[in-house]
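Spelled out, the chains give:
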Amino acid sequence: MIHIRTKDEIELIRKSALMVTATLTEVAAFLKPGITTASVDKMAETFIRDNGGVPSFKNYHGFPASLCISVNETVVHGFPSDYIIKDGDIISVDCGVFMNEYHGDHAYTFAIGDVKPEVLKLLQVTKESLHRAIFQARENNRVGDISFAVENYTAKEHSYGVVRELVGHGVGRKLHEDPQVPNYGRRGDGKRLKEGMVLAIEPMINLGTREVQTLEDGWTVVTADRKPSAHFEHTTVVRKGRGEALSNFAPIEAAEAKNTELNSSHNPQPEKTAE
Ligand code: MG
Ligand code: MG
């Protein structure tokens, strides 16, 4: 069954979603070459708990951490580990927070240092496909209109691989609710959207093939050709006219830009002046 949330419920989901935004903003400022992905997870878990939230993913069907941290060819569900982040990596960070009986779910792919232009383009296009999908999350559209928006822009216009094995979903009292929201499909297909439905829309887009494999740990999903993959996600409410993201990329982007500037080796040193 697909829930229609009241105004008050939507505001509670917004609080959880914005707590994820705040967490990903902390992550944006924290990420740099030379640190482990486990240290990022530890920082984020402390931040979430200090702010009165509970990490939604920790122990979810046995998931061992608070964040999914998926590096380069890892699509989703990467375990934080002793992997040391390198210049040129892309790091997808997916985070859920449970507060006031509701979950928020939100993801962002970060570029570390000098990332190849073709990979930066993948990030840009994936993020833009999410914005296009949210535009379609409007009353009387159907789930397929969201799916089509992602697939058409990423696969048809840019020839990227759209992951099919994993999909977006309803989000609310449970982390994963109905309906499923695939990133591929046809306009006008699927369940009709009603104002107040809350959906986690989350394109997972590969630079190469759309085929993926799950590693022996039973969780980590990687691209079959080991080329990079990007993942952006917003908790989104269906509205009349167009969908509304309850989570927010703006503070994350600002922190990422500031961090990139701080860590840039091309940063000019202040000139010394002779007295
Ligand atoms: Mg997520
Ligand atoms: Mg999700």
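Here the structure is shown first, and the text comes after it.
Keep in mind that what you see is a predicted model, and the values were worked out from it rather than measured. (Residues numbered from 1 in each chain as written. Chains lettered and ligands numbered in written order. Predicted model: local features only at pLDDT ≥ 70, side-chain atom pairs only at ≥ 80, totals over all residues. Heavy atoms only, no water.)

Moving on to the overall build of the protein. Helix and strand content of the protein: five helices and 15 strands. Taking 275 residues into account, the globule formula puts the C-alpha radius of gyration at 19 Å, and the protein, at 18 Å, falls close to it. Taken along its principal axes, the extent of the C-alpha atoms in the protein is 70 × 45 × 40 Å. Here the protein holds 275 residues, and 52% of them are scored as buried. A separation of at least 24 residues holds for 72% of the contacts in the protein among residues at least 6 apart in sequence. For the protein, the accessible area works out to roughly 12,700 Å², and carbon and sulfur atoms hold 50% of it. Within the protein, the 38 negative side-chain charges are centred at a point lying 6 Å from the centre of the 32 positive side-chain charges. (Helix = DSSP H or I, 4+ residues; strand = E, 2+ residues; numbered from the N terminus. Rg over C-alpha atoms; globule rule 2.2 N^0.38 Å. Buried < 20%, exposed > 50% of the residue type's maximum accessible area, 1.4 Å probe, protein only. Contact = heavy atoms within 4.5 Å. Areas by Shrake-Rupley, 256 points an atom, 1.4 Å probe, with all protein chains shown as cover. Lys, Arg positive; Asp, Glu negative; His and termini not counted. Charge placed at Lys NZ, Arg CZ, Asp CG, Glu CD.)

In this section: the sheet that holds strand S13 (residues 229–231). The strand order across the open sheet built from three strands is S6-S10-S13, with neighbouring strands paired in antiparallel fashion. Both outer strands of the open sheet, strand S6 (161–162) and S13, are each paired with one neighbouring strand and no more. Direction of pairing for strand S10 (residues 204–206) relative to S13: antiparallel, over a ladder of three bridges. Residue pairing across strands places methionine 204 opposite histidine 231, the latter belonging to S13. Against the sheet, helix H3 (residues 117–135) engages S10 and S13, with an angle of about 35° to S13. (Pairing = 2+ DSSP bridges. Axes fitted to C-alpha atoms, helices over the stretch in contact; angles between N-to-C directions.)

This part is about the side chain of threonine 126. With respect to the helices and strands, the residue threonine 126 is situated in helix H3. Once you skip the residues sitting within four places of it in the chain, threonine 126 turns out to touch Pro203, Ile205, Ala230, His231 and Phe232.

This part takes up the coordination of the magnesium ion (ligand 1). Around the magnesium ion (ligand 1), the protein supplies Asp94 (OD), Asp94 (OD), Asp105 (OD) and Glu233 (OE) as donor atoms, at distances of 2.0 to 2.6 Å. Expressed as a motif, the donor residue spacing for the magnesium ion (ligand 1) is D-x10-D-x127-E. The distance between the magnesium ion (ligand 1) and the magnesium ion (ligand 2) comes to 3.1 Å, with aspartate 105 serving as a donor to both metals. Taken together, the residues span a long stretch of sequence, with aspartate 94 in strand S4 (residues 90–99) and glutamate 233 in the loop between S13 and strand S14 (234–237) at a distance of 139 residues. (Donors = N, O, S within 2.8 Å, 3.2 Å for Na, K, Ca; no water.)

What follows deals with the pattern of salt bridges. On inspection of all chains with the given rule, the structure shows 16 salt bridges. A salt bridge links lysine 240 to glutamate 139, with the shortest nitrogen-to-oxygen separation between them at 3.9 Å. Taken together, the residues lysine 240 in the loop between S14 and strand S15 (244–245) and glutamate 139 in the loop between H3 and helix H4 (143–156) connect sequence positions 101 residues apart. A salt bridge links arginine 186 to aspartate 189; the nearest nitrogen and oxygen atoms lie 3.2 Å apart. Given a relative accessible area of 59%, arginine 186 falls into the exposed group. Salt bridges sharing partners connect three or more residues here, namely Glu11, Arg14, Glu139, Glu195, Arg239, Lys240 and Glu244. (Salt bridge = Lys/Arg side-chain N within 4 Å of Asp/Glu carboxyl O.)

Distances from the magnesium ion (ligand 2) to its protein donors, Asp105 (OD), His169 (NE2), Glu202 (OE) and Glu233 (OE), fall at 2.1 to 2.2 Å. The buried category is assigned to histidine 169, whose relative accessible area is 5%.

Within a regular strand, side chains alternate between the sheet's two faces. The element strand S5 (residues 102–111) is extensively covered by neighbouring structure, given that ten of its ten residues are classed as buried. What you see with S5 is no split at all: Tyr102, Gly104, His106, Tyr108 and Phe110 on one side and His103, Asp105, Ala107, Thr109 and Ala111 on the other are buried throughout. Strand direction decides the pairing type here: S4 and S5, joined by ten bridges, are antiparallel. Note on S5: the bridge partner recorded for serine 92 is threonine 109. The hairpin turn running from S4 into S5, its antiparallel successor, is two residues long, and asparagine 100 in that turn takes a positive phi close to 50°.

Further remarks concern the layout of surface pockets. Reported here for the largest pocket is a volume of approximately 390 Å³. Taken together, 22 residues line the largest pocket, and the ones lying closest to its centre are Tyr60, His77, His169, His176 and Glu202. Of all the elements in the fold, those that place two or more residues in the lining of the largest pocket are strand S7 (168–170) and strand S8 (177–181). With four residues, the top contributor of residues to the lining of the largest pocket is S8. For the lining of the largest pocket, a count of residues per class yields eleven nonpolar, six polar and five charged. (1 Å grid on protein atoms, 1.4 Å probe; cavity = no way out; pocket = protein on both sides within 12 Å on 5 of 7 lines; lining within 4 Å. Points joined across faces, edges and corners; volume = space filled by probe spheres on them. Nonpolar A, V, L, I, M, F, W, Y, C, P; charged D, E, K, R; others polar.)

Our focus in this paragraph is the packing of H3 against H4. For the pair H3 and H4, interaxial distance at closest approach is 8 Å and the crossing angle is 150°. With respect to H4, the element H3 is oriented roughly antiparallel. Taken as a pair, H3 and H4 cross one another with a handedness that is right-handed. In contact with Val125, Glu128, Ser129, Arg132 and Ala133 of H3, H4 contributes Ile146, Ala149, Val150, Tyr153 and Thr154. (Parallel < 35°, antiparallel > 145°, perpendicular 65-115°, else oblique. Left-handed = near helix turned anticlockwise from the far one by under 90°.)

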